[in-house]
Amino acid sequence: MSENPVYPTPNPSGASDDSNHGMRHELGRILRLALPISLAQFGQMLLGLVDVAILGHVSSTELGGASIGRAIGFVSTSLCIGVAAALEPLAAQAVGADEERTAWEAFTASLGASVAVCLPGCILAVLSTWMLEPLGIESALIAPARAFLVAQVPGLLFFALFLSAKTYLQAHGRTVPALLAAVTANAVNVIACNVLVRGSLGIGTWSLGLGTPALGAFGAGIASSIASFVLASYVLIAALRLRPHSRGVTKTPYGARLRKVVRIGTPISLQILAEIGVFSLIAVLAGRLGAVAASAHSIAVGLASFAFMGVLGVSGATAVRVGHAIGEGRSPRQSGLLGIGVGATFMALCGIVFFAIPGFLMDLFTDDVRIRALGITLLRIAAAFEIFDGLQIVAAGALRGAGDVRFPFFATLGAYWAIGFPLAMFLGFHAGWGAPGLWWGLLVGLIVVAGLLTWRFVHIARGPIERV
């Protein structure tokens, strides 16, 4: 690793004007990057919400089972997400230093690592469904959970490849391909999910029967795999077009590249696993409270995750801008703090929407009055933690761009598993608060991790940061 020079001190003459201009310029760069990334993230999340909406109007059992299967599948991809996230500092810092070959080599290594970790993860995910009954999950939910997950397995692999290609493109400021991929995949998913889940095409009360079998949760899993294939194909083609063609450049051995990706990606993967794991386990354990609680949780967390996709775009843009600053030898402090502020503001606005119109939002996904009533309560709790969700995810992105990947893991592990999860279990099951108790416990863990990660970035950005 090479250390950057000490960051230059601004000229006192006209410093205020220069600083304001630089801040406006940097904010504009972050927003221009974040907007298409966020729209693409919304598109990815919409794929899952389409499944929820269609299944929710078919059967609460199929919906509850599919939500459990989706949660397990998401955990299995956490290592792949970490591998792709390792590419953020590697590619962004290389692009900032005008080292295109280095960025490409990191990308190809991340593709290989994604496949290597995804396959065993998928196998373990399917096998884990045989543990649902000992955990006390209603037996009626287990079969649709397993059916959804088995059908989704090919899609999990495609999604892992999509993440690496999207991250490589983002490092180059190319955000449109992922957006177009999401739009195309959603169009395919709406048709495929309708046909495979219900055996018909329908909008509202209108329906066109096609004479095909209604596959329920299994059909939703197949539709998810088809959509993921579309996502991956689109961005991989776009990434291949950026392949550098320089001659006479000594390539870093593939094994060395792979080891670097794994070294950086492992703490990120563990951090993501710690976060996704606690939320996914809560989703599975909500099944102990019955199909109504599992379904309400699925819809509410789906809506909260939809908002989260928007701030995830800000996180990705912040990671890129922090990485570029370090590659260019500049301080990343301004980029990181601006990104954190944008993320917190966006999520605060989402929280206001959740609190103001929860009934309208629930009506989009269910006709069951019991699910609707519980979902409204959960959405109002979600409104309370949106701002902290925005703080923690963008701060984590800023730290990834700086190559600081160990502290976020330990902070996330401690906040969620030592504080949030035990409190959620106590409130949800022992205190008798049910699903709302699970959410209140997670809120406390989220507040703690948001404070820790924001403090960490402010602390490390006070001085020079080495390239990874």
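Note that the coordinates shown come from a computational prediction; the quantities given were computed from them, not determined experimentally.

K.L.:
I keep staring at the overall build of the protein and nothing clicks. Help me out?
P.N.:
From N to C terminus, the protein includes 14 helices and 2 strands. Compactness check: the protein gives a C-alpha radius of gyration of 22 Å against a globular reference of 23 Å for 468 residues, within 12% of the reference. Every one of the 468 residues in the protein was classed for burial, and the buried ones make up 57%. Here the analysis covers contacts within the protein between residues at least 6 apart in sequence; of these, 84% occur between residues at least 24 apart. Accessible surface, the protein: about 18700 Å² in total, of which carbon and sulfur atoms supply 68%.

K.L.:
Honestly, the side chain of S315 in this entry has me stumped. Any pointers?
P.N.:
Within the secondary structure, S315 is located in helix 9 (residues 291-328). At 2.8 Å, the side chain of S315 and the backbone oxygen of I393 are in polar contact. With residues near it in sequence (within four places) discarded, S315 still touches I393, V394, G397 and R400.

K.L.:
What am I meant to see in the pattern of salt bridges here?
P.N.:
Side chains that carry opposite charge are capable of pairing whenever their charged atoms lie near each other. Using the criterion set out here, one finds 7 salt bridges in the structure. A salt bridge links R372 to D363; the nearest nitrogen and oxygen atoms lie 2.7 Å apart. Accessibility expressed as a relative area gives 38% for D363, which makes it partly exposed. In this structure, the salt-bridge partner of R456 is D404, at a minimum N-O distance of 2.7 Å.

K.L.:
Before we go on, may I ask you to explain the environment of L124 in this structure?
P.N.:
Among the secondary structure elements, L124 is positioned in helix 4 (residues 100-128). The exposure class assigned to L124 is exposed, which follows from its relative accessible area of 58%. Taking the C-alpha atoms as reference, L124 lies 36 Å from R321; in sequence the two are 197 residues apart.

K.L.:
How should I be thinking about the confidence of the model for the protein in this particular structure?
P.N.:
Regions with low pLDDT carry predicted coordinates that are not meant to be interpreted in detail. Residues with a pLDDT of 70 or more make up 91% of the protein, whose mean pLDDT is 85. Low confidence marks residues 1-18, where pLDDT is under 50. Its contacts with residues over four positions away, or in another chain, come to 22 contacts.

K.L.:
Where do I start with the packing of helix 4 against helix 5 (residues 139-171) in this structure?
P.N.:
For any two helices packed against each other, the geometry comes down to the angle between their axes and how far apart the axes lie. Taken N-terminus to C-terminus, the directions of helix 4 and helix 5 make an angle of 160 degrees; their axes are 9 Å apart at the nearest point. Our classification of the angle between helix 4 and helix 5 gives roughly antiparallel. Read as a crossing pair, helix 4 and helix 5 show a hand that is right-handed. Across the interface between the two elements, A103, W104, F107, S110, L111, S114, V115, C118, L119, C122, A125 and V126 from helix 4 touch L149, V150, V153, L156, L157, A160, L161, S164, A165 and Y168 from helix 5. Class assignment for the residues of the contact of helix 4 with helix 5 results in 19 nonpolar, 3 polar and no charged.

K.L.:
What exactly am I supposed to notice about the nonpolar core here?
P.N.:
In globular proteins that are soluble, nonpolar side chains generally tend to be buried together. Of all hydrophobic cores here, the largest spans 81 residues; its most connected members are I299, F354 and W439. Grouped together as the second largest cluster of nonpolar side chains are 45 residues, A86, Y168, V230 and I272 included.

K.L.:
Which parts of the structure should I look at to understand the side chain of H297?
P.N.:
Locating H297 in the fold gives a position in helix 9. Ignoring sequence-local partners within four residues, the contact set of H297 consists of F279, I282, A283, A286, L378 and W439.

K.L.:
Please clarify how the packing of aromatic side chains should be interpreted in this entry.
P.N.:
Each aromatic ring pair is specified by the distance between its two centres and by the angle formed by the two planes. Across all of its chains, the model carries 10 aromatic pairs by this definition. Centroid distance W104 to Y168: 5.7 Å. Interplanar angle 70 degrees. Geometry classified as edge-to-face. Of this pair, W104 sits in helix 4 while Y168 sits in helix 5; the two residues are 64 residues apart in sequence, bridging distant segments of the chain. Each of the two residues, W104 as well as Y168, counts as buried.

K.L.:
Whenever I open this one, unusual backbone geometry confuses me. Can you help?
P.N.:
Among all residues except glycine, the phi angle is most often negative; among peptide bonds, the trans geometry is most common. The backbone phi angle of D98 is positive, close to 60 degrees, even though this residue is not glycine. Relative to the elements of secondary structure, D98 occurs in the loop between helix 3 (78-96) and helix 4. Classification of D98 by relative accessible area gives exposed; the value is 63%.

K.L.:
I keep staring at the environment of I268 and nothing clicks. Help me out?
P.N.:
Inspection of the secondary structure puts I268 in helix 8 (residues 254-285). On the basis of relative accessible area, I268 is assigned to the buried category, the value being 1%. Distance from I268 to C80, taken between C-alpha atoms, is 9.9 Å for residues 188 residues apart in sequence. Those residues within four positions of I268 in sequence are excluded, and the remaining contacts are G82, A85, A86, R400 and V405.

K.L.:
Would you take a moment to explain helix 9 for this structure?
P.N.:
Helical geometry note: an α-helix holds 3.6 residues per turn, so side chains three or four residues apart project in the same direction. With 38 residues, helix 9 ought to run about 56 Å at 1.5 Å a step, and its terminal C-alpha atoms sit 53 Å apart, in line with that. In helix 9, a bend of some 25 degrees at G310 exceeds every other bend along the element. Counting buried residues along helix 9, 32 of its 38 residues qualify, which places the element largely inside the surrounding structure. Just downstream of helix 9, G329 is the residue with a positive phi angle, here 85 degrees.

K.L.:
Help me understand the environment of L47 in this model?
P.N.:
In this structure, L47 sits in helix 1 (residues 15-56). Residue L47 is classed as buried on the basis of its relative accessible area, which comes to 11%. Those residues in contact with L47 that sit more than four places away from it in its chain are A185, N186, N189, A227 and L231.

What counts, and where the lines are drawn
Residues numbered from 1 in each chain as written. Predicted model: local features only at pLDDT ≥ 70, side-chain atom pairs only at ≥ 80, totals over all residues. Heavy atoms only, no water. Helix = DSSP H or I, 4+ residues; strand = E, 2+ residues; numbered from the N terminus. Rg over C-alpha atoms; globule rule 2.2 N^0.38 Å. Buried < 20%, exposed > 50% of the residue type's maximum accessible area, 1.4 Å probe, protein only. Contact = heavy atoms within 4.5 Å. Areas by Shrake-Rupley, 256 points an atom, 1.4 Å probe, with all protein chains shown as cover. Polar contact = N/O pair within 3.5 Å; in protein donor to acceptor, adjacent residues only side chain to side chain. Salt bridge = Lys/Arg side-chain N within 4 Å of Asp/Glu carboxyl O. pLDDT = per-residue confidence, 0-100. Axes fitted to C-alpha atoms, helices over the stretch in contact; angles between N-to-C directions. Parallel < 35°, antiparallel > 145°, perpendicular 65-115°, else oblique. Left-handed = near helix turned anticlockwise from the far one by under 90°. Nonpolar A, V, L, I, M, F, W, Y, C, P; charged D, E, K, R; others polar. Core = buried A, V, L, I, M, F, W, Y, C linked by side-chain atoms within 4.5 Å. Phe/Tyr/Trp six-rings, centres within 6.5 Å; stacked < 30°, edge-to-face > 60°. Expected span 1.5 Å × (residues − 1). Bend = angle between axes of the 7 residues up to and from the residue.

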